[in-house]
Amino acid sequence: MRQFQKTAVSIAAAHVALCWSAVAMAQSAPTPAPAASAAAADGSTVVVTGQRAALQSAQKIKRNAEEVVDSIVAEDIGKLPDRSVTEVLQRVVGVTIDRTMSKGDPEHYSVEGSGVSIRGLPYVRSELNGRDSFSANGGRSLSFEDVPPELMSGVDVYKNPSAEQIEGAIGGLVNLRTAMPFDFKEFKGVVSVDSTYNKLNGKNSPSGSLLLSNVWDTDLGKFGALFDVARSKSATRTDGIQVDAYYQRTPTDPNWIPKAVGWRTMEYERDRQGIYGALQWKKDTLQSSLTAFESKYKFNWAENALFGQANPYNTTVDAGATYGPTGALLTGTIRDAVDGGISFDADTRYAKRDSSTRELAWNTVWTPNDRWRFTSDFQFIRAKTQGFDSTVATGLQMAKETLDLSGPTPRIVFDAADLAALANPANYYWAFTMDHADKSVANQKAWKGDVQYKFDDPVLVDLRFGLRLTDRDAKTQNSNPSYNWATITHPWQKSWDVNELAYLSNFGTDLVRLHTFDNFMNGNATVAPVIVPNTAVAAGYPNSYDTLHGYYETLCAQAVANQGYGCFNHYKPSTFGTDPSGDNDQRERTQAAYAQLRFGFDDWKFPVDGHVGLRLVHTANKAHGYFLLSNATINPPAGGSVSGSVPTFGTTAAAISHDNSYTNVLPSLNLKMKADEQLQFRMAWAQAISRPDFSLLQDYTTMKVSTTQHTEGNTLVIDSVNFTGTASGNPLLKPIRANQLDLTAEWYFAKNGSLTFAAFNKQLKDIIVNQTASIAMSDSTGTNYNFTLTSPVNGAKGFARGFEVAYQQYFDTLPGWLAGFGVQANYTYVNSKQTRYNSVFSEYCTGGSGSADNLNLNINGCDTNGKSFSGLPLNNVSRDTINLALLYDRGPLSARIAYSWRSKYLYGTNMSGTQGSDGLDTNPASANYGQHNLAWGMPLWADAFGQIDAGVSYKFDDRLTVSLEGQNLNNAMYKQMMQQTVGMMGRSWYASGPRYTLRASYSF
């Protein structure tokens, strides 16, 4: 904080001094388009406003751009067409968003959307007013949901880079634009307030924004100042039903039974704040600007969930059950008499996060004559985030669960005995806890200098060249273990660890409550109330954890007293900031130079203009980390001996660091040919890179010496010695590289009417995947041994190719009020594939490890019967994406109804909720045939999803506008599917319900 304040004061002081001495002049960010105008038949001027003007301005940007770009422009000051920047971006052709809260967490739905992909690829770079911007999340781009849309005047999506643009975008570049003081001719003020109502939880959430801007013409030059502030709150709820993985109970069983069906609900609250200020000055050939931007994003959520913990191999199905054509259970009642009932855990989970991104930027421009232009741009950016996540759970054993899985959503049938048992606290025990904490800070200082020289030539337009220097550091700390799951009591601990479970009737009765799941999924499903811990228990870490695990200590001490053994699961708190395995400390410096020549053949029959350029960039990275080696533990019987030898290694723990550097040469060519005043064609070719996320560069490696052994009499026999290792990251990774080609045809038949087509092909190299390698290490005697190390490597190639079609038009020629109608539509098709340099596939899965070292599991996915999958596409790529919008603008009335849809896509393999270690070995050649000891993790897919949003606004006069908006009006349900041998089986169904927003804005 102190560093940022000092920098801010220093730059502000320098800026004021520069303005008064009249030595510089700032280049403003791209301006938001003002209201468009057109000449009426009688010679008067018709002012076009609202979404019609926004579409017209966005079309003008696309048409005149030198690169392949699509834009969205705010309809009015501070009014983009959606409630979050992420939702805004999904309207752009070729752009898709995810609907979960984070990439690694498929079990929590995000109402406002999350990760952004462009043309199916996640390698997206983000900018604010043309400058690099990012969040402190271990990645390289902004979390767009963190940014207040009220501060934005427009969003540009560049899909093929030029040499002039900052490197790092393969999928595309998203540039967020804010307003500048000189965008307005005089004083301007706008205040807006709104309230959003969520139907599912019945809560209202307020928002508001204020913009003030003014300009002054003085003898010292033209001055401008702008201040913009916004705050938005949101309170949403998501309900979900989850079906656990289906199992074969024996290798020859024709039927597949799910472990159980659970349900959950999550209450989510967020507070998003933004503040932005800009100063501008201009005199003669000099100009200068200073901007400061800060976004803050706080959220907390509380979840209550019931999920299965049963042993599927002890499950029985009552007579009368029905099965699908592949043997999967459709309807029936499942039981587990062997274990005393179907085991469930009922949790309360509490999570919170506090994130911010701050930027201070100083831009100067000097234009000494009509040929030369010199630009200097300084930037300082600081991003940070801190999160906490705590789960505590009770457990119970249900006598039975009656299921109907034959419909569009699962249905659980409860009789009076089921409901009574679930509502009785005496049937519950304390089950487990899980805690997590993380903290990240990232800083970057950047300077960019650009020079432009204009030619006096019929072909050559100008030459642009420049330098960019950056210095960035990023440090992330995670608790260790990252998610510290610890049992309190479970049925599987009885007899060998404890004699009794920590039932609520004996422990902590006052720490729980009955959660009733009212209005579940907007009344479209009915589930039973369950006993869950109070939210305060989850939020009360670490004291509440000590209390809960104290119950275990009491019970296991009783077991030791009764039988002489027990107490094998003592609670071990996680560490934070003291264990190097949780730290990722990075520093990166870059130096880039570019030259770009613009040209135009205006006298050709079909005029052609464009630019050719080359960008040369050098990257140097230093990672600080730790190395840990664990020697094998050999414990022969008392008084016995050891048969066989096991090497020992000297250095077992040491701080390490690695330097990595690389240079990339990135050529680009952009051409535009005008067939006539309405029709034009483009060709864009470039080579691009995307640097590895900092989370993949972590320098932490563990090596392990282990043995397989058995005992013969009084002798411990060493059968084999294993040398393995895992790296949390790889500080020597290189960037992903791409050759990309775009071909477009664009027909602009009206100021707000166009039909465009774009075909693209992105050939990818050095995609980052996990892979094993042999690393030689010397033991204490100097003998070399080869360790099999698993780490991320540049180990695959692939492609993403397809096409985009976009159409928009207002039907101005229709009579009367019908002339207000318009339409906007786009479609994107993407085909993708990834091929590893070294293939990893086997028909059957092996081993009980679900970690990174099980490559077949993590790459191809493994079913619960041990069979692998193959031919999976790139993650997060939908083959088809559609956006449709019906528009109306006439007089003071403006309306829109929009539909966004994307086809199914692969979310990932071996994900949370669809992974385990009790897979059935059905490999006839396996020595463990029929056993339940395989790690499994199946491919998880997001099903096709479409959502309807709408809005209507009325402009009472030039000052006051009132609007009503609705999101998710079709009450869309987000569905996930797990790929299994018996087909695509439904995994999760999430419902968040519609939201309604009433908004008023006043200009003065």
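Values in this document were obtained by computation on a predicted structure and should not be read as measured data.

1. Focus: the overall build of the protein chain
Argument step 1. The helix and strand tally for the protein chain stands at seven helices and 52 strands.
Argument step 2. At 31 Å, the protein chain has a C-alpha radius of gyration in line with the 30 Å of a compact globule built from 1004 residues.
Argument step 3. Burial status across the protein chain gives 55% buried among its 1004 residues.
Argument step 4. Put simply, 75% of the contacts in the protein chain that link residues at least 6 apart link residues at least 24 apart.
Argument step 5. If you sum the accessible surface of the protein chain, you get close to 40,100 Å²; carbon and sulfur atoms cover 55% of it.
Argument step 6. Separation between the mean location of the 88 positive side-chain charges and that of the 95 negative ones in the protein chain comes to 5 Å.

2. Topic: helix H2 (residues 50–64)
Argument step 1. For H2, spanning 15 residues, the distance from its first C-alpha to its last is 22 Å, which sits close to the expected 21 Å at 1.5 Å a residue.
Argument step 2. Of the residues making up H2, those classed as buried are Gln51, Arg52, Ala53, Ala54, Leu55, Gln56, Ser57, Ala58, Gln59 and Lys62.

3. Points about a positive patch on the surface
Argument step 1. A contiguous patch of positive charge on the surface is contributed by Lys296, Lys298, Lys384 and Lys439.
Argument step 2. Note that Lys298 resides in strand E18 (residues 286–308).

4. With respect to the state of the cysteines
Argument step 1. Counted according to the given criterion, the structure contains two disulfides.
Argument step 2. Cys556 shares a disulfide with Cys567; S-S distance 2.0 Å. Taking the sign of the torsion about the S-S bond as the criterion, the disulfide between Cys556 and Cys567, at about 90°, is right-handed. Within this pair, whereas Cys556 is found in helix H6 (residues 543–563), its partner Cys567 is found in the loop between H6 and strand E31 (583–601), the two being separated by 11 residues in sequence. Residue Cys556 shares its accessibility class with Cys567, and that shared class is buried.
Argument step 3. What connects to what in the protein chain, once the bonded cysteines are numbered by sequence position, is 1-2, 3-4.

5. Some words on the sheet that holds strand E3 (residues 69–73)
Argument step 1. The five strands lie next to each other as E3-E10-E11-E8-E9, forming an open sheet whose pairing is mixed. Of all strands in the sheet, those with a lone pairing partner are E3 and strand E9 (131–132), marking the two edges.
Argument step 2. Sitting on the sheet, H2 is in contact with E3, strand E10 (154–158) and strand E11 (172–177), with an inclination near 155° to E3.

6. Overview of the side chain of Arg140
Argument step 1. Within the secondary structure layout, Arg140 lies in the loop between E9 and E10.
Argument step 2. Accessibility expressed as a relative area gives 14% for Arg140, which makes it buried.
Argument step 3. Among the polar contacts listed, one links the side chain of Arg140 to the side chain of Glu588, at a separation of 2.7 Å.
Argument step 4. Polar side-chain contacts of Arg140 include one of 2.7 Å to the backbone oxygen of Pro692.

7. Things to note about the packing of aromatic side chains
Argument step 1. As enumerated under the stated definition, the model contains 42 aromatic pairs in all.
Argument step 2. Put simply, the rings of Trp366, Trp372, Phe374, Tyr453 and Phe455 pair up and form one aromatic cluster.
Argument step 3. Just above the ring of Tyr810 sits the side chain of Arg52; from NZ or CZ to the centre is 4.0 Å.
Argument step 4. Sitting over the ring of Phe799, Arg801 keeps its end group 3.7 Å from the ring centre.

8. A look at H6
Argument step 1. Given a rise of 1.5 Å per residue, 21 residues ought to cover 30 Å, and the 31 Å separating the end C-alpha atoms of H6 matches this to within 8%.
Argument step 2. The set of residues buried in H6 consists of Ser544, Tyr545, Leu548, His549, Tyr551, Tyr552, Leu555, Cys556 and Ala559.
Argument step 3. Elements that come into contact with the buried residues of H6 comprise strand E23 (372–398), strand E26 (429–454), strand E28 (484–487) and helix H5 (535–539).
Argument step 4. With its phi angle positive at about 90°, Gly564 sits one or two positions after the end of H6.

9. Some remarks on the environment of Asn363
Argument step 1. For Asn363, the location among the structural elements is in strand E22 (residues 342–366).
Argument step 2. For Asn363 and Thr914, which are 551 residues apart along the polypeptide, the C-alpha to C-alpha distance reads 50 Å.
Argument step 3. At 2.6 Å, the side chain of Asn363 and the side chain of Asp377 are in polar contact.

10. Some words on the pattern of salt bridges
Argument step 1. Inspection of the entire model under this criterion finds 43 salt bridges.
Argument step 2. One salt bridge in this structure joins Arg598 and Glu66, with 2.6 Å as the shortest N-O distance. Linking Arg598 in strand E31 with Glu66 in the loop between H2 and E3, this pair joins segments that are 532 residues apart in sequence.
Argument step 3. For Glu66, a relative accessible area of 27% translates into the label partly exposed.

11. Section: the pairing of strand E27 (residues 460–478)
Along a regular strand, successive side chains alternate from one face of the sheet to the other.
Argument step 1. Pairing geometry for E26 and E27, over 17 bridges, is antiparallel. Bridge assignment links Ala446 to a residue of E27, and that residue is Thr470.
Argument step 2. As paired strands, E27 and E31 are joined by 17 bridges and run antiparallel to one another. Counterpart to Thr476 in the pairing with E31 is Asn584.

12. Topic: the nonpolar core
Argument step 1. Residues Tyr246, Trp263, Leu306, Leu422, Trp430, Phe520 and Val530 are the most contacted members of the largest nonpolar core, which totals 67 residues.
Argument step 2. Of the residues forming this core, the biggest block, six residues, is contributed by H6.
Argument step 3. Ranked by size, the runner-up nonpolar core spans 29 residues in total, among them Val147, Leu211, Ala230 and Tyr276.

13. A short note on the side chain of Asn214
Argument step 1. Of note, Asn214 is situated in strand E13 (residues 203–218).
Argument step 2. At 3.3 Å, the side chain of Asn214 and the backbone nitrogen of Phe187 are in polar contact.
Argument step 3. Apart from residues no more than four positions distant in its own chain, Asn214 is found in contact with Pro181, Glu186, Phe187, Phe223, Gly224 and Ala225.

14. What to know about the environment of Trp685
Argument step 1. Position of Trp685 relative to the elements: it lies in strand E35 (residues 679–690).
Argument step 2. The exposure class assigned to Trp685 is partly exposed, which follows from its relative accessible area of 30%.
Argument step 3. Separated by 404 residues in the primary sequence, Trp685 and Trp281 place their C-alpha atoms 38 Å from one another.
Argument step 4. Residues in contact with Trp685, not counting those within four places in the same chain, are Asn160, Pro667, Ser668, Leu669, Asn739, Gln740 and Leu741.

15. Let's talk about a nonpolar patch on the surface
Argument step 1. Nonpolar side chains collect at one region of the surface, where Tyr197, Leu893, Val952, Tyr954, Phe956, Leu964, Leu969, Tyr996 and Leu998 lie side by side and expose about 780 Å² of accessible area between them.
Argument step 2. The set of elements that each furnish at least two residues to the nonpolar patch consists of strand E48 (945–955) and strand E52 (995–1003).
Argument step 3. On the secondary structure map, Phe956 appears in the loop between E48 and strand E49 (960–967).
Argument step 4. For Phe956, a relative accessible area of 52% gives the class exposed.

16. Observations concerning the environment of Met673
Argument step 1. As for its placement among the helices and strands, Met673 is situated in strand E34 (residues 653–674).
Argument step 2. Met673 gets classed as partly exposed once you look at its relative accessible area, which sits at 29%.
Argument step 3. Taking the C-alpha atoms as reference, Met673 lies 9.4 Å from Phe601; in sequence the two are 72 residues apart.
Argument step 4. Setting aside residues no more than four positions away along its own chain, Met673 makes contact with Phe606, Pro607, Val608, Leu679, Gln680 and Phe681.

17. Observations regarding unusual backbone geometry
Argument step 1. In this chain, Asn480 is followed by Pro481 through a cis amide linkage whose omega measures -5°.
Argument step 2. Along the chain, Pro481 turns up in the loop between E27 and E28.
Argument step 3. Of the consecutive residues Tyr541 and Pro542, the connecting peptide bond is found in the cis state with omega at 5°.
Argument step 4. Although it is not a glycine, Met521 sits at a positive phi angle of roughly 50°.
Argument step 5. Among the structural elements, Met521 can be located in the loop between strand E29 (512–515) and strand E30 (530–533).
Argument step 6. Relative accessible area serves as the criterion here: at 2%, Met521 is assigned to the buried category.

18. Some remarks on the pairing of strand E24 (residues 401–404)
Argument step 1. As defined by bridge partners, strand E21 (residues 329–335) adjoins E24 across four bridges and the pair is classed as antiparallel. Bridged to Thr333 within E24 is Thr402.
Argument step 2. In terms of strand pairing, E24 meets strand E25 (residues 411–413) through three bridges, oriented antiparallel. Bridge pairing in E25 links Thr402 to Val413.

19. Examining the confidence of the model for the protein chain
Argument step 1. This prediction gives the protein chain a mean pLDDT of 91; 94% of its residues lie at or above 70.
Argument step 2. The secondary structure element of the protein chain with the lowest average pLDDT is strand E1 (residues 36–39), at 42, and the one with the highest is E30, at 98.

Cut-off values and rules
- Residues numbered from 1 in each chain as written.
- Predicted model: local features only at pLDDT ≥ 70, side-chain atom pairs only at ≥ 80, totals over all residues.
- Heavy atoms only, no water.
- Helix = DSSP H or I, 4+ residues; strand = E, 2+ residues; numbered from the N terminus.
- Rg over C-alpha atoms; globule rule 2.2 N^0.38 Å.
- Buried < 20%, exposed > 50% of the residue type's maximum accessible area, 1.4 Å probe, protein only.
- Contact = heavy atoms within 4.5 Å.
- Areas by Shrake-Rupley, 256 points an atom, 1.4 Å probe, with all protein chains shown as cover.
- Lys, Arg positive; Asp, Glu negative; His and termini not counted.
- Charge placed at Lys NZ, Arg CZ, Asp CG, Glu CD.
- Expected span 1.5 Å × (residues − 1).
- Patch = residues over 30% accessible without salt bridge, like charges linked within 9 Å, V, L, I, M, F, W, Y side chains within 5 Å.
- Salt bridge = Lys/Arg side-chain N within 4 Å of Asp/Glu carboxyl O.
- Disulfide = S-S within 2.5 Å.
- Pairing = 2+ DSSP bridges.
- Axes fitted to C-alpha atoms, helices over the stretch in contact; angles between N-to-C directions.
- Polar contact = N/O pair within 3.5 Å; in protein donor to acceptor, adjacent residues only side chain to side chain.
- Phe/Tyr/Trp six-rings, centres within 6.5 Å; stacked < 30°, edge-to-face > 60°.
- Lys NZ or Arg CZ within 6 Å of the ring centre and 35° of its normal.
- Core = buried A, V, L, I, M, F, W, Y, C linked by side-chain atoms within 4.5 Å.
- pLDDT = per-residue confidence, 0-100.

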